[in-house]
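Breakdown of the fold
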Amino acid sequence: MSLSVSCDSVSQKRTLSSLLAGRVLKKPKQEDGERLQEEAIRLLEQQQNISSLLEEAGNPNPCNIFCEEKVERKDASPEGIPSVIAASFLVCELRRQAGQLGVPVAALSVKMVLERLIEITASKEEEEEEDERRELLTSCQRVQLCVLLESSRELLSLGAFCPKLLWQEYKRDQRSPKLEVAYHLHFYSILHLKYILESDEGVKSWLVSQLKALCSWTPPHEEEEAKQIQQKVLSTVVGVLVGSGFEVIQEPAALNRRISVLSSSALDDLLFWLLDAVDNHLSSQSSGEGAETWIQLFDALLCGASVSTEALQRFFTHSLTQALTYKPRLTVSDAIAMQNEWTFAKASCLLTSLFYKLAVIFSMEQLLSHLQQVLETHEVNWKHILCFLSTLLVYNPCAQPSLRELLSKLLRSAFEGYDLESLITAFLLARQGALEGAAVFPSYSDWFKVSFSGSSGFHATSKKSLVFLLKFLSDLVPFEPPQYLKVHILHPPFIPMKHRNLLMEYVSLAKTRLADLKEPIEDMGLYEDVSRAGGAPTQPQCQAVQDVDKAVSMFESTGRISATVMEASIFRRPYFLTRFLPALLMPRVLPVIPDAQMSFIEALRKADKIPAAQYSSYVDSCQRQRQRDGSAVCVDAHDDPLKVLKIQLQKFRELVVDGNEGELSAQLARISHTLSVIFPGRPDELIGQRVIKLHIDARLSTELHENVINMILRNFCQCLLDASRANPPNKQTPWASRFVSVLLSNTELLSSLVHRLWDLFHHQASSLSVAHLLGLAAFVVQLHASSSHSPLVQMVPPILPNPVPVTEALSSALVCRTQSDMIFCVRFCMAALCYGICRSDSLPQQQDYIPKCLYKKLLYLIPRLLPEARRTPVTAEVPHTDCEEENGSVLWRSATDHSTAWRKTTLHLWRNAAFHQLRQIPEFQLFFSEWLVHELRVQRSEDALTDPERQEYQQWACMEFFLFGPVDQGGCGGDMRILCSHILSAIMDQPLGDQKLEKLDRVSEKGTCLPDIFSRLQEVVYDMELTSADVCDFLFELISQRCCCTEPSTSPSISISLQHTLQTWNRVLLTLPAGLFIKMKDEGGRKTLDCHNLIEHINQHQRKVCSAGLLPRQLTAHFLRGVLCASIRCGHAFNEEVNKAWFQISHRCPLLLLSTVHWWECVSPMLSSLWRRLRDEESLPEQLRLLAECRRWACSLVKGQTCLMPRAPPLLLAASLQSCCSEKHDFRSAMETLRAESKMQNPQVLVFLLFLCVNDHLSALLYPQEESRHGGSSLCTDLLTVLDSAEWLLIFKPSEQGIYQSVSMVTSDENARLMPLAFYSLLLQQHAELLQRVMCCPGFIHTAVLCYIHLLQLFLEGHTPPPITEPLSSQMETVQILSRAKQFLLRAISQTPPTALSSAQLRQLEAQTADLDPEVAAALSLHLDPKSLSPEMDFL
């Protein structure tokens, strides 16, 4: 069929029917079909391009390229034409052309695919000049490549493609094969990467370089697909390398061994590239980013399944070994000198991240065992070794015990085989652990002391071991940092005495080295702390400041300059003068009241330890300092530490919820380092138990410190809330305890923290939100849990007498004075208890997490504020149940739920079984005495309870709760006597307690609950009186025991304490029924009055605080009222009982007798009125009427009227006269009349009256402001004038008073000791005639010498009264009295005849005065010794 014929036929016009008819009638032939096929093939040969067919046979949809196994590759063919048909069509054409060319089909298909592959990747080369180096294909190129590879895979499935030939041709054509192309060949299962490793001799050269380049390349931000491809390429290639290099093959052939070595070498090159980046300090940003990308692959290896676990462990072990032994250029001496710079906080983050990821799949025992093996078998990089150890310790809290065990093994091995390498390894590892802080590993000082300071150390077994250790330490000296040398000097190893010279040689060498380092041993502080081995050494100035603080603290506690300071002032004078004194005499604003430092400076000045010029300069500088304020803080840091800390704390907050324990520990190490920059003032660790001072009125020293503390507390609260949203405290990581441990390691930081918490709790409680309250409560609980290794706190002023744990000091800020105080306190303590109970799982753990001081506050407050809690006694046994309210987690959830009222949560806590279990532990029990202390601090006007509610609550607490509670649990065991004694003791402790806590509680400003407690005491005493007959004995015995506790000492503080005790007791006594203090006894079936207890109480106790020789008026009246009221209970002759009782009092209790006479005008109307009510009689009993009669007689005598002297005791008559004479100053004639009467009836009256006047004179000397006593001296003069007898001298001689013995029961012991002062003060005021008359009295010189001896002893012992600020014109100072008394005595001795003293008296006086005043002793011997007056007697 020709083309022309066809055209002519078509051009002719024909009808449709004719055309159809022609088609139907025309029959096809066999030849026509064959011809048609040949023509079609010829047409394809002329028009078809095989490369286009390759594209048509592929998948043009880029969305289905990298969906991994989830995409069914059968759907990858173009829409409309099945992939199998397209591939078959392509294979047919390839075979045809291969037949024509005479080449294999596979070779032709490889040629076609390679041409297309090069064409696709060629455009990438052109784009690299415009863009920076691009290590991956573009998205468009990747789509084309995937289409090509899909077609190639179809050809491979049909047997028309050879992948190995393709790689050979591609490798020959390209200088460096593209890593992404190799990955895609592997991904599409065309050519495995392992084959590339086997077949390509130079694969390492291009594979390693491209892996480095791909790691260092950062895809553009908008190309998310490129980031995924980068990660897939790297993880796939590395997985193949690890599998090829570290999988164990049963029968390894030579090829497999070569591939294994090749893969391992390639991975080593990449590891060394990373380590080089670390060593170069990341000078190239790209290398740093590449290293980070490479480190991330270790996580991908853990998550992937391309290699087995055993292969992965072998790879990580190999990599760890390579890292630890890489470039071992540093020697041991370099490691010793540079170790301080290799801590976790200072090391490169790349290096620590690498070590962390390599160690994560191994146990701590495996890691340390491998470390020991590497150290024993390789030359190591000491920097990497020590950084690796720091990483293990920081990230793994369980590493410390394992490291201890390793150190013990190394030391044992070192001393058993005298292995120097094991010994140096142990020292380096121990020091590295110490550098990470006390929260991670013990200090070097502690480790060294534990290992070598005892006789059981490894070195103490033989002399050879001692020499080995000392030789080793000596060899280290040229390289040692100074702080380690100081540890070795201050805590030397145990050396037997016979080998002590070996140690001295080392000490001498170490001291020389310290001097070369400008840190000689002479500049070491007096109390220098060398236990820390990390960080910068303490500067001498800082150490001197610490020495000053320690010395002042010791002086404050002992009152003496410590021996260390005194020795330093002599043997270490350069340090003392140039370091210690300048730090001590730092100019400051001196307080008005001298503090401990001022007292210490004054003591040193008096001891001539401070040069006069230096002290004068100090005083002038302090005066100038008062005019200005130059406080400032300088923090040496490259960045603003506050901003750095803020970022670190924010990162820590994120890790609390999402991070693992290792990352938390690492972040805490960084935070600790930053805090050490902000708080550098004190060393991190101190020798022994530390004590910090809490000044309750002082603010934080600087604004920076206050901001830091606020930031720390705020972050802790936020972390707690964030963590609690996910898990209760018992399900959280131990982030809180580790956080607190970091804070406890810095003493200065902890001091600021405690000051801030005190201020928040005591002054700003109302400003704290619920979140703050919960967070701070948990923080305090964590402080309590860490109390075993935290310092103690000394309150200033000493609200608590001794140093206490931090939690107890802070709990004292939680006062319970007012309603607002109580509500805040119960909410805070409730939150703390809920956290502690939830945090712990068992009773022993609860004791660690629940502060007993907060628990006791809840025991006090919950029943007080919540009456319904009183119906559930805390001592009741609450069964364990599974209900929600008993669950600790639910309890904490209730505490953190803002919608739940605090009252409801508190009641849930009160009924909680764990809460009740703690009540069985002794230290968690609230004792009745503690309850009374709390209750007495409540301010009644601002109490949460009304007066009736408070009465109801107190009666419940006293008469129900504590009365019947077991004694060992703080109760009274049902004994009313115990209850009464507790209440009485609390009341009597109140005055001193209030003074001590006045600054804290301010209880003196508003009324306390003392009246309410008085009411409870009255109720208890009334009940006891109804049920017991010995209430009087009980009360007097109780007060006697309290007074005896303070009586043995004569110091002023004890005397003041005794005065306060009795003054408070007198207040109590006046509130109780008067008749209660007069005991009833049965005599022959009748009841009589027994005043023995009352008399003994007055004579033994009341007398000692009656400086004026009188009982108070109210107390006197109360005792007299008691005698009258008690007589009613006798049931018979009331008058007789009163007379007998008063007769007993008159003769055995002179103090009450004198007080009654003195106050008679005031008390007699009351007594008469009371007697009329009791007996309906007008006249008092006879003995009381005698008082009035003596009073009238004395008044008449003073007025000059003659009156018969009553038949009464001399002391009663004298007291009546003194009472009247004090109102009339001119009574010389009355004394003359009395002398005449006394000679006939009662000669002792004048002597007793003289004693009373002398007592008044002494009171005037002691208390010159009391004008009523100033007339005593003139009365004494008049009495001395009229007295004829020498009996008056007996009142100044306590041992010879005889019938005047009762005067010793009238005055206090202090006044009795001062009678010699009154003796000479009185005599020195008299005129010469009277003195001459007095000196002629028999026994005068003996009395005068004894009084002088006692007066001199008073001065020597410091018991004389203080100087008078405004003395009267006629009054002498006590020093003048002593000097004039000596002159008077010497004159009197010279005028006294030798017969005035017996030989025994003279010998006794000479012996007593020989040491005290030799001059007086010589005068006695010269003038009164018969032998000295008659020398011839010695001859005879």
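Now for a look at the structure at hand. (Residues numbered from 1 in each chain as written. Predicted model: local features only at pLDDT ≥ 70, side-chain atom pairs only at ≥ 80, totals over all residues. Heavy atoms only, no water.)

1. Thoughts on the overall build of the chain
Selection rule: Helix numbering and strand numbering both begin at the N terminus, where a helix is a DSSP run of H or I of at least 4 residues and a strand a DSSP run of E of at least 2. The buried label applies to any residue whose accessible area, calculated with a 1.4 Å probe on protein chains only, is under 20% of its type's maximum; exposed applies above 50%, and partly exposed to all values in between. We call two residues in contact when some of their heavy atoms are within 4.5 Å.
Counting its secondary structure elements, the chain contains 69 helices and four strands. For the chain, the residues scored as buried account for 51% of the 1436 residues in total. In the chain, the proportion of contacts linking residues at least 24 apart, taken out of those at least 6 apart, comes to 76%.

2. Some details on helix 29 (residues 596-606)
Heads up, the condition is: What the arc covers is the set of directions going from the helix axis to the C-beta atoms.
Burial in helix 29 covers these residues: A596, Q597, F600, I601 and L604. Buried positions in helix 29, seen along its axis, are confined to an arc of 135° and lie on one side of it. Directly after helix 29, the chain includes D608, whose backbone phi takes a positive value near 60°.

3. A short note on the packing of helix 38 (residues 819-839) against helix 42 (residues 902-910)
So the rule is basically this: Lines fitted to C-alpha atoms define the axes here, with helix axes fitted over just the stretch in contact, and angles between the N-to-C directions of these axes take values from 0 to 180 degrees. Here the word oblique covers every angle except those under 35 degrees (roughly parallel), over 145 (roughly antiparallel) and from 65 to 115 (roughly perpendicular). Take the far helix as the reference: if the near one is turned anticlockwise from it by less than a right angle, the crossing is left-handed, and if turned clockwise, right-handed. Classification used: nonpolar for Ala, Val, Leu, Ile, Met, Phe, Trp, Tyr, Cys and Pro, charged for Asp, Glu, Lys and Arg, polar for all others including Gly.
Between helix 38 and helix 42, the least distance of the axes is 10 Å, while the angle of their chain directions is 50°. Our classification of the angle between helix 38 and helix 42 gives oblique. Between helix 38 and helix 42 lies a crossing of left-handed hand. Across from I823, V826, R827, M830, L833, C834 and I837 in helix 38, the residues of helix 42 making contact are W902, T905, T906 and L909. Considering only residue class, the contact of helix 38 with helix 42 consists of eight nonpolar, two polar and one charged.

4. Points about the pattern of salt bridges
Applicable threshold: The term salt bridge refers to a pairing of a side-chain nitrogen on Lys or Arg with a carboxyl oxygen on Asp or Glu at a separation within 4 Å.
Under the defined criterion, the tally for this structure stands at 35 salt bridges. The partner of E180 in a salt bridge is R142, with the nearest N and O atoms 2.7 Å apart. Residue E180 is located in helix 9 (residues 179-187), and its partner R142 is located in helix 7 (residues 139-157); the two are separated by 38 residues in the primary sequence. Just as E180 is buried, R142 falls in that class too. For R1086, the salt bridge is made with E1137, and the minimal N-O distance between the two is 3.7 Å. Taken together, the residues span a long stretch of sequence, with R1086 in strand 4 (residues 1086-1090) and E1137 in helix 53 (residues 1134-1148) at a distance of 51 residues. Linked through salt bridges whose partners overlap, the residues forming this network are R864, E935, R940, D943, D947, R950 and D1012.

5. Considering the packing of aromatic side chains
Rules: Here the aromatic set is Phe, Tyr and Trp, taking the six-membered ring for Trp, and pairing holds for ring centres within 6.5 Å; pairs whose planes are under 30 degrees apart are stacked, those over 60 apart are edge-to-face, and all others are tilted.
Within the structure shown, the criterion is met by 53 aromatic pairs. Their ring planes at 85° and their centres at 4.8 Å tell us that F961 and F962 sit as a pair that is edge-to-face. Seen from their ring centres, F1319 and Y1320 are 5.1 Å apart, and the 90° between their planes marks the pair as edge-to-face. Neither residue differs from the other here; F1319 and Y1320 are each classed as buried.

6. Some points on unusual backbone geometry
For the bond running from V796 to P797, omega is 0°, close enough to zero to count as cis. Note that P797 resides in the loop between strand 2 (792-796) and helix 37 (806-811). Phi is positive for K327, which is not a glycine, with a value near 50°. Locating K327 in the fold gives a position in the loop between helix 15 (309-324) and helix 16 (332-338).

7. Considering the packing of helix 35 (residues 747-763) against helix 36 (residues 770-785)
Following both chains from N to C, one finds helix 35 and helix 36 inclined at 135°, their axes separated by 13 Å at the closest point. By the angle between their directions, the pair helix 35 and helix 36 is classed as oblique. Every pair of crossing elements has a handedness; the one defined by helix 35 and helix 36 is left-handed. The residues of helix 36 that touch helix 35, namely those facing L753, L757, L760 and F761, are L776, F779, V780 and L783. Tallied by class, residues from the contact of helix 35 with helix 36 come to eight nonpolar, no polar and no charged.

8. Here's the deal with the nonpolar core
Put simply, the rule is: The definition of a nonpolar core used throughout is a set of buried Ala, Val, Leu, Ile, Met, Phe, Trp, Tyr and Cys residues joined through side-chain atoms within 4.5 Å.
Core analysis: the biggest nonpolar cluster contains 267 residues, and F761 and Y1320 have the highest contact counts within it. A per-element tally of this core places helix 38 first, with 14 residues. Setting aside residues up to four positions removed in sequence, Y1320 forms contacts with A1344, V1345, C1347, Y1348, L1351, I1377, A1381, F1384 and L1385. L117, F246, L368 and L466 belong to the second-largest nonpolar core, a separate cluster that totals 147 residues.

9. Considering the side chain of S894
For S894, the position within the fold is in helix 41 (residues 888-896). Ignoring sequence-local partners within four residues, the contact set of S894 consists of T900, T905 and H908.

10. Comments concerning the environment of V770
Structurally, V770 is set in helix 36. Along the primary structure V770 and F828 are separated by 58 residues, whereas in three dimensions their C-alpha atoms are 9.4 Å apart. Not counting chain neighbours up to four residues away, the residues in contact with V770 comprise R827 and H898.

11. Let's talk about helix 48 (residues 1010-1027)
As a reminder of what qualifies: In this scheme, a helix's expected span is set at 1.5 Å multiplied by one less than its residue total.
The first and last C-alpha atoms of helix 48 sit 26 Å apart over 18 residues, in line with the 26 Å expected at 1.5 Å per residue. Residues of helix 48 that are buried: L1010, D1012, I1013, F1014, R1016, L1017, V1020, V1021 and M1024.

12. Some thoughts on the environment of V467
Tracing the sequence through the fold places V467 in helix 23 (residues 463-476). Residue V467 is classed as partly exposed on the basis of its relative accessible area, which comes to 38%.

13. Quick word on the environment of E1310
Following the sequence through the fold, E1310 ends up in helix 61 (residues 1309-1313). On a C-alpha basis, the gap between E1310 and V1105 in space is 9.0 Å, while along the polypeptide they are 205 residues apart.

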